[in-house]
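Architecture and fold: a report
For reference, the chains in residue letters:
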Amino acid sequence: QVQLVESGGGLVQAGGSLRLSCKASGTIFSINTMGWYRRTPGKQRDMVATITSGGSTIYADSVKGRFTISRDNAENTVYLQMHNLEPEDTAVYYCNAVLRGSPWSPHDVYWGQGTQVTVSS
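Residues numbered from 1 in each chain as written. Predicted model: local features only at pLDDT ≥ 70, side-chain atom pairs only at ≥ 80, totals over all residues. Heavy atoms only, no water.

Time to look at the sheet that holds strand S7 (residues 67-72). Strand order in the open sheet formed by four strands is S1-S3-S8-S7, and the pairing between neighbours is antiparallel. Among the strands making up the open sheet, the edge pair consists of strand S1 (2-7) and S7. Strand after strand, the sheet turns through a mean of 15 degrees between neighbouring axes, direction not considered. With six bridges joining them, strand S3 (residues 18-26) and strand S8 (residues 77-82) adopt antiparallel strand pairing. The residue bridging Ser21 from the neighbouring strand is Tyr79, located in S8. (Pairing = 2+ DSSP bridges. Helix = DSSP H or I, 4+ residues; strand = E, 2+ residues; numbered from the N terminus. Axes fitted to C-alpha atoms, helices over the stretch in contact; angles between N-to-C directions.)

In structure tokens form, the structure reads like this:
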């Protein structure tokens, strides 16, 4: 009964910017970590950035200084601001959330459906 819906992907030229959004909805008691991952054809899904409910962040080395993750806890929404995009950033980007549906349930991991980001050279 939990859904993560991403938006904001698209086609952009190298050096451009995009902002991804992901909103979690449904039966949610609390959200611990939210994050963004990406996958290119033939490769595994790699972590891009994560953020805890307290605002602590982790970034992949390849995006440090170019991408910024943030979240709105009141809206159960996480954002990924991407600047100075490179063709190597082309991938399907997935939103992730570790959350509990009730006070007595364990933490479960949920994924969005993915949004395509394409950076042309």
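That covers the picture; the talk isn't over yet.
So, on to the state of the cysteines. Counted by the stated rule, this structure contains one disulfide. With a sulfur-sulfur separation of 2.0 Å, Cys22 is cross-linked through a disulfide to Cys95. A torsion of -80 degrees about the S-S bond marks the disulfide between Cys22 and Cys95 as left-handed. With Cys22 in strand S3 and Cys95 in strand S9 (residues 91-100), the pair connects residues that are 73 residues apart, well separated along the chain. Classification of Cys22 by relative accessible area gives buried; the value is 0%. Looking at Cys95, the relative accessible area reads 0%, which means it is buried. (Disulfide = S-S within 2.5 Å. Buried < 20%, exposed > 50% of the residue type's maximum accessible area, 1.4 Å probe, protein only.)

What follows covers unusual backbone geometry. Notably, Asn76 is not glycine yet its phi reads approximately 50 degrees, a positive angle. Of the residues examined, Asn76 reaches a relative accessible area of 24% and is grouped as partly exposed.

Moving on, we come to the pairing of S3. Bridging between S1 and S3 involves six bridges; their strand directions are antiparallel. Bridge assignment links Gln3 to a residue of S3, and that residue is Ser25.

What follows concerns the pattern of salt bridges. For the coordinates displayed, the defined rule picks out five salt bridges. Between Lys64 and Asp61 there is a salt bridge, with the nearest N and O atoms lying 3.1 Å from each other. Taken together, the shared-partner salt bridges in this structure form one network comprising Arg38, Arg66, Glu86 and Asp89. (Salt bridge = Lys/Arg side-chain N within 4 Å of Asp/Glu carboxyl O.)

Right, let's talk about the nonpolar core for a bit. Ranked by internal contacts, the top residues of the largest apolar core, which has 29 residues, are Trp36, Leu80, Met82 and Tyr93. Contributions of two or more residues to this core are made by S1, S3, strand S4 (30-39), strand S5 (46-51), S7, S8, S9 and strand S11 (115-120). Broken down by element, this core gets its largest block of residues, five residues, from S9. In this structure, Leu80 is in contact with Leu18, Arg19, Leu20, Trp36, Val48, Ala49, Phe67, Thr68, Ile69 and Tyr93, ignoring residues within four places of it in sequence. (Core = buried A, V, L, I, M, F, W, Y, C linked by side-chain atoms within 4.5 Å. Contact = heavy atoms within 4.5 Å.)

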